[in-house]
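# Inside the fold
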Amino acid sequence: MSVQPPTTAPPRTAGDAGEPALDPSSGAAPSRTLHPLVLRLHFYAGVFVAPFLLVAAITGLLYAGSFQAEKIVYAHELTVPVGDHKLPISRQVTAARKAHTEGTISAVRPSPEPDATTRVLLSGVKGIAADHTLAVFVDPYTGQVRGALEQYGSTGALPLRTWIDELHRDLHLGDTGRLYSEFAASWLWVITGGGLVLWFGRRRARRKVRGTTGRRRSLTLHGTVGVWAAGGLFFLSATGLTWSTYAGANIGDLREALGQSTPSVTATVSSAHEGHGSMAGMGMNGMDMGSHSGARSDVGLDAVLKTARAEGLSDPVEIVPPADSSSAYVVRQIQRSWPEKQDSIAVDPATGKVTDVLRFSDYPVLAKLTRWGIDAHTGTLFGLANQIALAGLALALILLILWGYRMWWQRGRGSTFGRPIPHGAWRQVPVYVLVPCVAVVAVVGYWVPLLGIPLAGFLAVDIVLGWGTRRHTGHAHA
(Lines give C-alpha, C1' and ligand atoms only; values in the text may rest on other atoms or scores of the structure.)
Protein backbone atom coordinates (compact mmCIF):
# COMPACT_ATOMS: atom_id res chain seq x y z
CA MET A 1 0.00 0.00 0.00
CA SER A 2 2.93 2.24 -0.55
CA VAL A 3 2.26 5.75 -1.75
CA GLN A 4 5.52 7.05 -3.17
CA PRO A 5 6.59 8.80 -6.37
CA PRO A 6 7.34 6.44 -9.26
CA THR A 7 10.87 5.88 -10.46
CA THR A 8 12.54 4.21 -13.39
CA ALA A 9 16.03 4.30 -11.95
CA PRO A 10 17.57 2.07 -9.29
CA PRO A 11 17.04 3.27 -5.74
CA ARG A 12 19.61 5.84 -4.72
CA THR A 13 18.03 7.27 -1.60
CA ALA A 14 16.10 6.23 1.45
CA GLY A 15 13.06 7.93 0.04
CA ASP A 16 13.33 6.26 -3.35
CA ALA A 17 12.17 9.52 -4.88
CA GLY A 18 15.21 10.41 -6.90
CA GLU A 19 16.27 12.99 -4.35
CA PRO A 20 19.66 13.22 -2.66
CA ALA A 21 19.84 11.63 0.74
CA LEU A 22 19.09 14.10 3.50
CA ASP A 23 21.66 14.85 6.13
CA PRO A 24 19.99 15.28 9.54
CA SER A 25 22.53 17.98 10.35
CA SER A 26 21.80 19.98 7.20
CA GLY A 27 18.90 21.91 8.73
CA ALA A 28 16.29 20.36 6.43
CA ALA A 29 12.66 20.83 7.42
CA PRO A 30 11.33 18.10 9.80
CA SER A 31 8.64 17.19 7.26
CA ARG A 32 11.33 16.41 4.66
CA THR A 33 13.46 14.41 7.05
CA LEU A 34 10.42 12.38 8.16
CA HIS A 35 9.34 11.65 4.59
CA PRO A 36 11.65 8.62 4.02
CA LEU A 37 10.65 7.12 7.37
CA VAL A 38 6.93 7.59 6.67
CA LEU A 39 7.44 6.13 3.20
CA ARG A 40 9.17 3.03 4.55
CA LEU A 41 6.66 2.55 7.37
CA HIS A 42 3.71 2.98 4.99
CA PHE A 43 5.24 0.51 2.53
CA TYR A 44 5.99 -2.28 4.97
CA ALA A 45 2.84 -1.80 7.03
CA GLY A 46 0.87 -1.93 3.80
CA VAL A 47 2.57 -5.10 2.61
CA PHE A 48 2.28 -7.06 5.84
CA VAL A 49 -0.96 -5.67 7.34
CA ALA A 50 -2.89 -5.53 4.06
CA PRO A 51 -3.94 -9.22 4.14
CA PHE A 52 -5.66 -8.66 7.48
CA LEU A 53 -7.25 -5.46 6.20
CA LEU A 54 -8.40 -7.24 3.05
CA VAL A 55 -10.20 -9.90 5.09
CA ALA A 56 -11.77 -7.22 7.28
CA ALA A 57 -12.85 -5.23 4.21
CA ILE A 58 -14.40 -8.20 2.40
CA THR A 59 -16.26 -9.44 5.49
CA GLY A 60 -17.28 -5.85 6.29
CA LEU A 61 -18.71 -5.52 2.78
CA LEU A 62 -20.74 -8.68 3.35
CA TYR A 63 -21.95 -7.40 6.72
CA ALA A 64 -23.08 -4.10 5.23
CA GLY A 65 -25.44 -6.04 2.98
CA SER A 66 -26.58 -8.51 5.63
CA PHE A 67 -29.27 -6.21 7.06
CA GLN A 68 -31.22 -6.14 3.81
CA ALA A 69 -30.54 -9.82 3.14
CA GLU A 70 -31.91 -10.69 6.57
CA LYS A 71 -35.23 -8.98 5.79
CA ILE A 72 -35.58 -11.08 2.65
CA VAL A 73 -34.41 -14.44 4.03
CA TYR A 74 -36.51 -14.24 7.21
CA ALA A 75 -39.52 -12.35 5.83
CA HIS A 76 -41.95 -15.03 7.07
CA GLU A 77 -40.74 -14.75 10.66
CA LEU A 78 -40.33 -10.97 10.68
CA THR A 79 -43.50 -9.74 8.99
CA VAL A 80 -47.25 -10.41 9.17
CA PRO A 81 -50.36 -9.09 7.42
CA VAL A 82 -51.64 -6.01 9.23
CA GLY A 83 -54.72 -6.76 11.31
CA ASP A 84 -57.29 -4.64 13.11
CA HIS A 85 -56.28 -5.06 16.73
CA LYS A 86 -53.17 -6.39 18.47
CA LEU A 87 -53.58 -8.92 21.28
CA PRO A 88 -52.37 -8.06 24.79
CA ILE A 89 -48.66 -8.78 25.08
CA SER A 90 -49.32 -11.36 27.81
CA ARG A 91 -51.45 -13.45 25.42
CA GLN A 92 -48.73 -13.29 22.79
CA VAL A 93 -46.20 -14.59 25.32
CA THR A 94 -48.61 -17.35 26.34
CA ALA A 95 -48.85 -18.44 22.70
CA ALA A 96 -45.05 -18.50 22.41
CA ARG A 97 -44.70 -20.59 25.58
CA LYS A 98 -47.30 -23.09 24.40
CA ALA A 99 -45.22 -23.66 21.27
CA HIS A 100 -41.83 -23.53 23.03
CA THR A 101 -41.76 -24.61 26.67
CA GLU A 102 -37.97 -24.98 26.84
CA GLY A 103 -35.67 -22.48 28.54
CA THR A 104 -36.72 -19.34 30.40
CA ILE A 105 -38.00 -16.01 29.11
CA SER A 106 -35.14 -13.49 29.11
CA ALA A 107 -36.93 -10.65 27.31
CA VAL A 108 -39.94 -9.71 25.21
CA ARG A 109 -39.87 -7.34 22.23
CA PRO A 110 -43.41 -6.23 21.36
CA SER A 111 -44.21 -5.71 17.69
CA PRO A 112 -42.65 -2.31 16.84
CA GLU A 113 -44.43 -1.82 13.50
CA PRO A 114 -47.93 -2.65 12.25
CA ASP A 115 -46.56 -5.45 10.05
CA ALA A 116 -43.88 -6.74 12.45
CA THR A 117 -43.98 -9.79 14.69
CA THR A 118 -43.43 -9.85 18.44
CA ARG A 119 -40.26 -11.57 19.64
CA VAL A 120 -40.23 -13.66 22.81
CA LEU A 121 -36.60 -14.38 23.70
CA LEU A 122 -35.74 -17.62 25.50
CA SER A 123 -32.42 -18.28 27.21
CA GLY A 124 -30.97 -21.56 28.42
CA VAL A 125 -32.33 -23.47 25.44
CA LYS A 126 -30.47 -26.66 24.56
CA GLY A 127 -28.42 -26.25 21.39
CA ILE A 128 -28.37 -22.44 21.63
CA ALA A 129 -25.10 -20.71 22.59
CA ALA A 130 -25.02 -19.29 26.10
CA ASP A 131 -24.73 -15.70 24.87
CA HIS A 132 -27.48 -16.20 22.28
CA THR A 133 -31.23 -16.61 22.68
CA LEU A 134 -34.01 -18.41 20.86
CA ALA A 135 -36.36 -15.81 19.38
CA VAL A 136 -39.97 -17.02 19.03
CA PHE A 137 -41.87 -14.91 16.50
CA VAL A 138 -45.55 -14.34 17.24
CA ASP A 139 -48.24 -12.72 15.09
CA PRO A 140 -49.46 -9.88 17.35
CA TYR A 141 -52.96 -9.99 15.81
CA THR A 142 -53.71 -13.73 15.92
CA GLY A 143 -51.20 -15.17 18.39
CA GLN A 144 -49.92 -17.58 15.74
CA VAL A 145 -46.27 -18.60 16.18
CA ARG A 146 -44.55 -18.01 12.84
CA GLY A 147 -41.26 -19.64 13.71
CA ALA A 148 -38.23 -19.57 16.02
CA LEU A 149 -34.65 -18.56 15.21
CA GLU A 150 -31.41 -18.12 17.11
CA GLN A 151 -30.74 -14.45 17.88
CA TYR A 152 -27.63 -12.58 18.97
CA GLY A 153 -26.86 -9.10 20.28
CA SER A 154 -28.83 -5.99 21.07
CA THR A 155 -29.65 -5.39 17.41
CA GLY A 156 -31.45 -8.74 17.20
CA ALA A 157 -29.20 -10.35 14.60
CA LEU A 158 -30.63 -13.58 13.19
CA PRO A 159 -28.52 -16.55 11.97
CA LEU A 160 -27.42 -15.09 8.62
CA ARG A 161 -26.28 -11.74 10.00
CA THR A 162 -24.84 -13.36 13.11
CA TRP A 163 -22.68 -15.69 11.00
CA ILE A 164 -21.36 -12.82 8.88
CA ASP A 165 -20.85 -10.63 11.96
CA GLU A 166 -18.77 -13.32 13.67
CA LEU A 167 -16.80 -13.89 10.47
CA HIS A 168 -15.95 -10.18 10.36
CA ARG A 169 -15.21 -9.96 14.07
CA ASP A 170 -13.21 -13.12 14.78
CA LEU A 171 -13.27 -15.43 11.72
CA HIS A 172 -15.32 -17.86 13.85
CA LEU A 173 -12.20 -18.52 15.95
CA GLY A 174 -13.47 -17.02 19.21
CA ASP A 175 -11.33 -14.72 21.36
CA THR A 176 -8.14 -15.68 19.52
CA GLY A 177 -9.69 -14.69 16.21
CA ARG A 178 -10.60 -11.26 17.54
CA LEU A 179 -6.91 -10.38 17.50
CA TYR A 180 -6.95 -10.26 13.70
CA SER A 181 -9.61 -7.55 13.58
CA GLU A 182 -7.95 -5.57 16.38
CA PHE A 183 -4.61 -5.81 14.57
CA ALA A 184 -6.21 -4.52 11.36
CA ALA A 185 -8.02 -1.66 13.15
CA SER A 186 -4.86 -0.73 15.07
CA TRP A 187 -2.87 -0.24 11.88
CA LEU A 188 -5.54 1.13 9.54
CA TRP A 189 -5.26 4.69 10.82
CA VAL A 190 -1.44 4.57 10.70
CA ILE A 191 -1.39 3.39 7.10
CA THR A 192 -4.07 5.92 6.14
CA GLY A 193 -2.25 8.78 7.86
CA GLY A 194 1.05 7.83 6.26
CA GLY A 195 -0.59 7.74 2.85
CA LEU A 196 -2.03 11.22 3.35
CA VAL A 197 1.37 12.62 4.34
CA LEU A 198 2.99 11.12 1.27
CA TRP A 199 0.18 12.13 -1.08
CA PHE A 200 0.14 15.78 -0.09
CA GLY A 201 3.93 15.82 -0.18
CA ARG A 202 3.92 15.06 -3.91
CA ARG A 203 3.87 17.80 -6.53
CA ARG A 204 0.36 18.57 -7.78
CA ALA A 205 1.33 17.77 -11.39
CA ARG A 206 2.22 14.22 -10.38
CA ARG A 207 -1.21 13.53 -8.87
CA LYS A 208 -3.08 13.51 -12.20
CA VAL A 209 -4.62 10.26 -13.40
CA ARG A 210 -5.34 11.27 -16.98
CA GLY A 211 -2.53 10.51 -19.39
CA THR A 212 -0.56 8.35 -16.96
CA THR A 213 0.28 4.68 -17.37
CA GLY A 214 1.94 1.85 -15.51
CA ARG A 215 3.02 2.29 -11.94
CA ARG A 216 2.38 6.04 -11.95
CA ARG A 217 -1.27 5.43 -12.84
CA SER A 218 -1.63 2.80 -10.11
CA LEU A 219 0.01 5.19 -7.66
CA THR A 220 -2.28 8.06 -8.59
CA LEU A 221 -5.44 5.95 -8.41
CA HIS A 222 -4.29 4.51 -5.08
CA GLY A 223 -3.58 7.95 -3.66
CA THR A 224 -6.71 9.67 -5.01
CA VAL A 225 -9.10 7.04 -3.67
CA GLY A 226 -7.15 6.94 -0.41
CA VAL A 227 -7.52 10.69 0.09
CA TRP A 228 -11.27 10.59 -0.52
CA ALA A 229 -11.77 7.58 1.75
CA ALA A 230 -9.34 8.70 4.50
CA GLY A 231 -11.94 10.25 6.79
CA GLY A 232 -14.10 7.12 6.73
CA LEU A 233 -11.10 4.84 7.25
CA PHE A 234 -9.98 6.86 10.28
CA PHE A 235 -13.51 6.54 11.64
CA LEU A 236 -13.65 2.77 11.10
CA SER A 237 -10.28 2.36 12.81
CA ALA A 238 -11.23 4.46 15.85
CA THR A 239 -14.67 2.93 16.35
CA GLY A 240 -13.41 -0.59 15.69
CA LEU A 241 -10.93 -0.23 18.53
CA THR A 242 -13.57 0.85 21.06
CA TRP A 243 -14.80 -2.71 21.57
CA SER A 244 -11.62 -4.65 20.74
CA THR A 245 -9.95 -6.97 23.25
CA TYR A 246 -6.94 -4.96 24.45
CA ALA A 247 -7.32 -1.42 23.13
CA GLY A 248 -11.05 -1.58 23.90
CA ALA A 249 -10.33 -2.55 27.50
CA ASN A 250 -7.90 0.37 27.83
CA ILE A 251 -10.45 2.76 26.37
CA GLY A 252 -13.06 1.41 28.79
CA ASP A 253 -10.72 1.93 31.75
CA LEU A 254 -10.02 5.49 30.62
CA ARG A 255 -13.74 6.26 30.27
CA GLU A 256 -14.39 4.84 33.72
CA ALA A 257 -11.57 6.92 35.23
CA LEU A 258 -13.08 10.03 33.62
CA GLY A 259 -16.59 9.20 34.82
CA GLN A 260 -17.77 8.64 31.25
CA SER A 261 -18.91 5.02 31.41
CA THR A 262 -22.26 4.05 29.96
CA PRO A 263 -24.83 4.16 32.79
CA SER A 264 -27.60 1.62 33.38
CA VAL A 265 -30.96 1.82 35.07
CA THR A 266 -31.11 0.51 38.66
CA ALA A 267 -33.14 -2.70 38.60
CA THR A 268 -33.24 -3.28 42.37
CA VAL A 269 -36.53 -2.46 44.14
CA SER A 270 -36.42 -0.65 47.45
CA SER A 271 -37.53 -3.69 49.41
CA ALA A 272 -38.17 -7.32 48.62
CA HIS A 273 -41.82 -8.30 48.37
CA GLU A 274 -42.62 -11.62 50.00
CA GLY A 275 -43.72 -14.20 47.49
CA HIS A 276 -43.47 -11.89 44.50
CA GLY A 277 -40.23 -13.44 43.25
CA SER A 278 -41.89 -16.82 42.90
CA MET A 279 -44.73 -15.27 40.95
CA ALA A 280 -42.33 -13.47 38.64
CA GLY A 281 -40.58 -16.73 37.85
CA MET A 282 -43.84 -18.64 37.34
CA GLY A 283 -45.43 -15.85 35.32
CA MET A 284 -42.51 -15.32 32.98
CA ASN A 285 -42.15 -19.03 32.29
CA GLY A 286 -45.80 -20.02 32.60
CA MET A 287 -48.71 -19.45 30.28
CA ASP A 288 -50.27 -16.25 31.52
CA MET A 289 -48.16 -13.18 32.21
CA GLY A 290 -51.03 -11.37 33.87
CA SER A 291 -52.09 -14.07 36.29
CA HIS A 292 -52.35 -13.53 40.02
CA SER A 293 -52.55 -15.93 42.91
CA GLY A 294 -53.07 -14.76 46.47
CA ALA A 295 -50.00 -13.06 47.96
CA ARG A 296 -48.02 -14.00 44.88
CA SER A 297 -48.99 -10.91 42.90
CA ASP A 298 -47.34 -9.56 39.79
CA VAL A 299 -48.76 -6.68 37.80
CA GLY A 300 -47.89 -8.51 34.57
CA LEU A 301 -46.44 -7.52 31.25
CA ASP A 302 -49.42 -5.54 30.01
CA ALA A 303 -49.37 -3.18 33.00
CA VAL A 304 -45.58 -2.83 32.77
CA LEU A 305 -45.79 -1.95 29.07
CA LYS A 306 -48.59 0.55 29.77
CA THR A 307 -46.42 2.20 32.43
CA ALA A 308 -43.52 2.42 30.00
CA ARG A 309 -45.72 4.11 27.41
CA ALA A 310 -46.83 6.63 30.03
CA GLU A 311 -43.15 7.40 30.67
CA GLY A 312 -42.64 8.17 27.00
CA LEU A 313 -40.92 4.94 25.93
CA SER A 314 -42.17 4.51 22.39
CA ASP A 315 -41.40 1.57 20.11
CA PRO A 316 -39.21 -0.34 19.73
CA VAL A 317 -38.84 -1.52 23.33
CA GLU A 318 -37.63 -4.61 25.14
CA ILE A 319 -39.09 -5.83 28.44
CA VAL A 320 -36.70 -7.76 30.70
CA PRO A 321 -38.32 -9.73 33.56
CA PRO A 322 -37.16 -9.51 37.18
CA ALA A 323 -34.07 -11.59 37.85
CA ASP A 324 -35.10 -12.42 41.44
CA SER A 325 -37.38 -11.37 44.29
CA SER A 326 -35.56 -8.08 44.79
CA SER A 327 -35.45 -7.07 41.13
CA ALA A 328 -37.71 -4.96 38.96
CA TYR A 329 -38.89 -5.23 35.42
CA VAL A 330 -36.64 -3.25 33.08
CA VAL A 331 -38.14 -1.68 29.98
CA ARG A 332 -35.68 -0.12 27.55
CA GLN A 333 -35.84 1.38 24.13
CA ILE A 334 -33.71 -0.46 21.59
CA GLN A 335 -33.80 1.77 18.52
CA ARG A 336 -30.25 2.33 17.26
CA SER A 337 -31.19 4.43 14.22
CA TRP A 338 -31.12 8.21 14.28
CA PRO A 339 -32.49 9.74 16.43
CA GLU A 340 -31.58 7.00 18.86
CA LYS A 341 -34.08 5.78 21.44
CA GLN A 342 -32.14 4.53 24.44
CA ASP A 343 -34.29 5.56 27.44
CA SER A 344 -35.02 2.92 30.09
CA ILE A 345 -37.09 2.52 33.24
CA ALA A 346 -37.42 0.04 36.09
CA VAL A 347 -40.90 -1.01 37.26
CA ASP A 348 -41.70 -2.63 40.62
CA PRO A 349 -43.44 -5.94 39.74
CA ALA A 350 -45.58 -5.86 42.87
CA THR A 351 -46.94 -2.33 42.59
CA GLY A 352 -46.38 -1.36 38.96
CA LYS A 353 -44.69 1.86 40.04
CA VAL A 354 -41.59 3.25 38.34
CA THR A 355 -38.54 2.89 40.60
CA ASP A 356 -35.88 4.39 38.33
CA VAL A 357 -35.65 6.29 35.04
CA LEU A 358 -32.60 6.73 32.80
CA ARG A 359 -32.74 9.02 29.76
CA PHE A 360 -30.28 8.85 26.90
CA SER A 361 -30.01 12.64 27.12
CA ASP A 362 -28.44 12.18 30.56
CA TYR A 363 -25.64 9.93 29.30
CA PRO A 364 -22.08 11.31 29.65
CA VAL A 365 -20.65 12.80 26.47
CA LEU A 366 -18.17 9.98 25.81
CA ALA A 367 -20.88 7.39 26.41
CA LYS A 368 -23.05 9.05 23.76
CA LEU A 369 -20.14 9.34 21.31
CA THR A 370 -19.24 5.68 21.84
CA ARG A 371 -22.84 4.62 21.27
CA TRP A 372 -23.13 6.68 18.08
CA GLY A 373 -19.72 5.56 16.84
CA ILE A 374 -20.41 1.86 17.32
CA ASP A 375 -23.85 2.11 15.73
CA ALA A 376 -22.46 3.98 12.72
CA HIS A 377 -19.67 1.38 12.42
CA THR A 378 -22.21 -1.44 12.42
CA GLY A 379 -24.53 0.26 9.94
CA THR A 380 -27.54 0.91 12.17
CA LEU A 381 -27.28 4.62 12.99
CA PHE A 382 -28.51 5.96 9.64
CA GLY A 383 -30.13 2.83 8.29
CA LEU A 384 -29.77 2.02 4.60
CA ALA A 385 -27.68 5.14 3.88
CA ASN A 386 -25.26 4.06 6.61
CA GLN A 387 -25.01 0.57 5.14
CA ILE A 388 -24.36 1.93 1.64
CA ALA A 389 -21.61 4.21 2.99
CA LEU A 390 -19.97 1.27 4.80
CA ALA A 391 -20.12 -0.83 1.64
CA GLY A 392 -18.48 2.02 -0.28
CA LEU A 393 -15.68 2.31 2.28
CA ALA A 394 -15.12 -1.45 2.26
CA LEU A 395 -14.93 -1.47 -1.53
CA ALA A 396 -12.53 1.49 -1.50
CA LEU A 397 -10.26 -0.29 0.98
CA ILE A 398 -10.26 -3.44 -1.18
CA LEU A 399 -9.22 -1.37 -4.22
CA LEU A 400 -6.52 0.45 -2.25
CA ILE A 401 -5.01 -2.84 -1.17
CA LEU A 402 -5.10 -4.30 -4.69
CA TRP A 403 -3.52 -1.16 -6.16
CA GLY A 404 -0.92 -1.22 -3.40
CA TYR A 405 0.14 -4.76 -4.23
CA ARG A 406 0.07 -3.93 -7.94
CA MET A 407 2.52 -1.07 -7.31
CA TRP A 408 4.74 -3.46 -5.39
CA TRP A 409 4.69 -5.80 -8.39
CA GLN A 410 5.40 -2.97 -10.83
CA ARG A 411 8.25 -1.83 -8.61
CA GLY A 412 10.14 -5.11 -9.23
CA ARG A 413 12.91 -5.55 -11.80
CA GLY A 414 12.88 -8.53 -14.15
CA SER A 415 12.18 -11.61 -12.06
CA THR A 416 12.40 -9.70 -8.79
CA PHE A 417 9.01 -9.29 -7.15
CA GLY A 418 8.47 -6.03 -5.30
CA ARG A 419 11.75 -4.29 -4.54
CA PRO A 420 11.60 -3.05 -0.94
CA ILE A 421 12.09 0.52 0.17
CA PRO A 422 15.72 1.03 1.36
CA HIS A 423 16.05 0.70 5.13
CA GLY A 424 17.73 2.98 7.63
CA ALA A 425 15.38 5.91 6.96
CA TRP A 426 15.08 6.61 10.69
CA ARG A 427 18.73 7.71 10.75
CA GLN A 428 17.86 10.73 8.61
CA VAL A 429 15.49 12.10 11.26
CA PRO A 430 17.06 14.76 13.55
CA VAL A 431 17.25 13.84 17.22
CA TYR A 432 15.00 16.75 18.23
CA VAL A 433 12.29 15.28 15.97
CA LEU A 434 13.00 11.59 16.58
CA VAL A 435 12.81 11.73 20.39
CA PRO A 436 9.28 13.26 20.56
CA CYS A 437 8.15 10.83 17.87
CA VAL A 438 9.43 7.89 19.89
CA ALA A 439 7.66 9.23 22.99
CA VAL A 440 4.36 9.56 21.11
CA VAL A 441 4.72 6.08 19.65
CA ALA A 442 5.42 4.66 23.11
CA VAL A 443 2.26 6.24 24.56
CA VAL A 444 0.09 5.16 21.64
CA GLY A 445 1.65 1.71 21.70
CA TYR A 446 0.75 1.32 25.37
CA TRP A 447 -2.91 2.07 24.72
CA VAL A 448 -3.02 0.18 21.42
CA PRO A 449 -0.69 -2.80 22.00
CA LEU A 450 -1.32 -4.51 18.66
CA LEU A 451 0.10 -1.37 17.08
CA GLY A 452 2.90 -0.72 19.56
CA ILE A 453 4.38 -4.22 19.74
CA PRO A 454 4.60 -4.84 15.96
CA LEU A 455 5.89 -1.29 15.42
CA ALA A 456 8.66 -1.82 17.96
CA GLY A 457 9.52 -5.06 16.19
CA PHE A 458 9.60 -3.28 12.83
CA LEU A 459 11.99 -0.63 14.11
CA ALA A 460 14.23 -3.23 15.76
CA VAL A 461 14.48 -5.27 12.55
CA ASP A 462 15.11 -2.12 10.53
CA ILE A 463 17.95 -1.11 12.84
CA VAL A 464 19.54 -4.58 12.74
CA LEU A 465 19.26 -4.81 8.95
CA GLY A 466 20.67 -1.33 8.55
CA TRP A 467 23.59 -2.15 10.81
CA GLY A 468 24.24 -5.38 8.90
CA THR A 469 24.14 -3.60 5.52
CA ARG A 470 26.53 -0.86 6.64
CA ARG A 471 28.91 -3.46 8.04
CA HIS A 472 28.78 -5.49 4.82
CA THR A 473 29.34 -2.38 2.73
CA GLY A 474 32.26 -1.33 4.90
CA HIS A 475 33.91 -4.74 4.50
CA ALA A 476 33.36 -4.63 0.74
CA HIS A 477 35.09 -1.24 0.44
CA ALA A 478 37.92 -2.45 2.61
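I will try to describe carefully the structure that is included in this document. (Residues numbered from 1 in each chain as written. Predicted model: local features only at pLDDT ≥ 70, side-chain atom pairs only at ≥ 80, totals over all residues. Heavy atoms only, no water.)

## Section: the pattern of salt bridges
- Following the criterion strictly, the structure yields nine salt bridges and no others.
- A salt bridge links aspartate 165 to arginine 169; the shortest N-O distance between them is 2.8 Å. Residue aspartate 165 and its partner arginine 169 are located together in helix α4 (residues 159-170), separated by four residues, close to a single helical turn. The pair aspartate 165 / arginine 169 is uniform in exposure class, with both members buried.
- In the salt-bridge network here, residues are joined through shared partners; they are Arg109, Glu318 and Arg332. (Salt bridge = Lys/Arg side-chain N within 4 Å of Asp/Glu carboxyl O. Helix = DSSP H or I, 4+ residues; strand = E, 2+ residues; numbered from the N terminus. Buried < 20%, exposed > 50% of the residue type's maximum accessible area, 1.4 Å probe, protein only.)

## As for the side chain of histidine 132
- Here histidine 132 shows up in the loop between β2 (118-123) and β3 (133-138).
- A polar contact of 2.7 Å, which involves the side chain of histidine 132, links it to the side chain of glutamate 150.
- With residues near it in sequence (within four places) discarded, histidine 132 still touches Glu150, Gln151, Tyr152, Thr162 and Glu166. (Polar contact = N/O pair within 3.5 Å; in protein donor to acceptor, adjacent residues only side chain to side chain. Contact = heavy atoms within 4.5 Å.)

## Some points on the environment of serine 261
- Along the chain, serine 261 falls in the loop between α7 (246-257) and α8 (276-285).
- With 107 residues separating them in the primary sequence, serine 261 and lysine 368 have C-alpha atoms 9.6 Å apart.

## Examining α4
- If you check α4, its first and last C-alpha atoms are 16 Å apart, about what twelve residues at 1.5 Å a residue would give, namely 16 Å.
- Within α4, burial applies to Arg161, Thr162, Ile164, Asp165, Glu166, Leu167, Arg169 and Asp170.
- Directly after α4, the chain includes leucine 171, whose backbone phi takes a positive value near 55°. (Expected span 1.5 Å × (residues − 1).)

## Section: a nonpolar patch on the surface
- A cluster of nonpolar side chains, namely Leu254, Leu258, Val443, Tyr446 and Trp447, defines an oily patch on the protein surface of about 520 Å² accessible area.
- A total of three residues in the nonpolar patch trace back to one element, the largest contributor, which is helix α12 (residues 431-447).
- Take tryptophan 447: it is sitting in helix α12.
- For tryptophan 447, a relative accessible area of 33% translates into the label partly exposed. (Patch = residues over 30% accessible without salt bridge, like charges linked within 9 Å, V, L, I, M, F, W, Y side chains within 5 Å. Areas by Shrake-Rupley, 256 points an atom, 1.4 Å probe, with all protein chains shown as cover.)

## Regarding the nonpolar core
- Grouped together as the largest cluster of nonpolar side chains are 34 residues, with contacts concentrated most on Val49, Leu53, Trp187, Leu188, Ile191, Leu233 and Leu397.
- Breaking this core down by element, the ones donating at least two residues are α1 (30-73), α5 (178-201), α6 (214-241), α11 (383-411) and α13 (449-477).
- Broken down by element, this core gets its largest block of residues, nine residues, from α1.
- When residues no more than four places from it in sequence are discounted, the contact partners of leucine 233 are Leu188, Thr192, Leu393, Leu397 and Leu400.
- The next biggest cluster of nonpolar side chains, apart from the first, holds 22 residues, and it includes Ala96, Val125, Ile319 and Val331. (Core = buried A, V, L, I, M, F, W, Y, C linked by side-chain atoms within 4.5 Å.)

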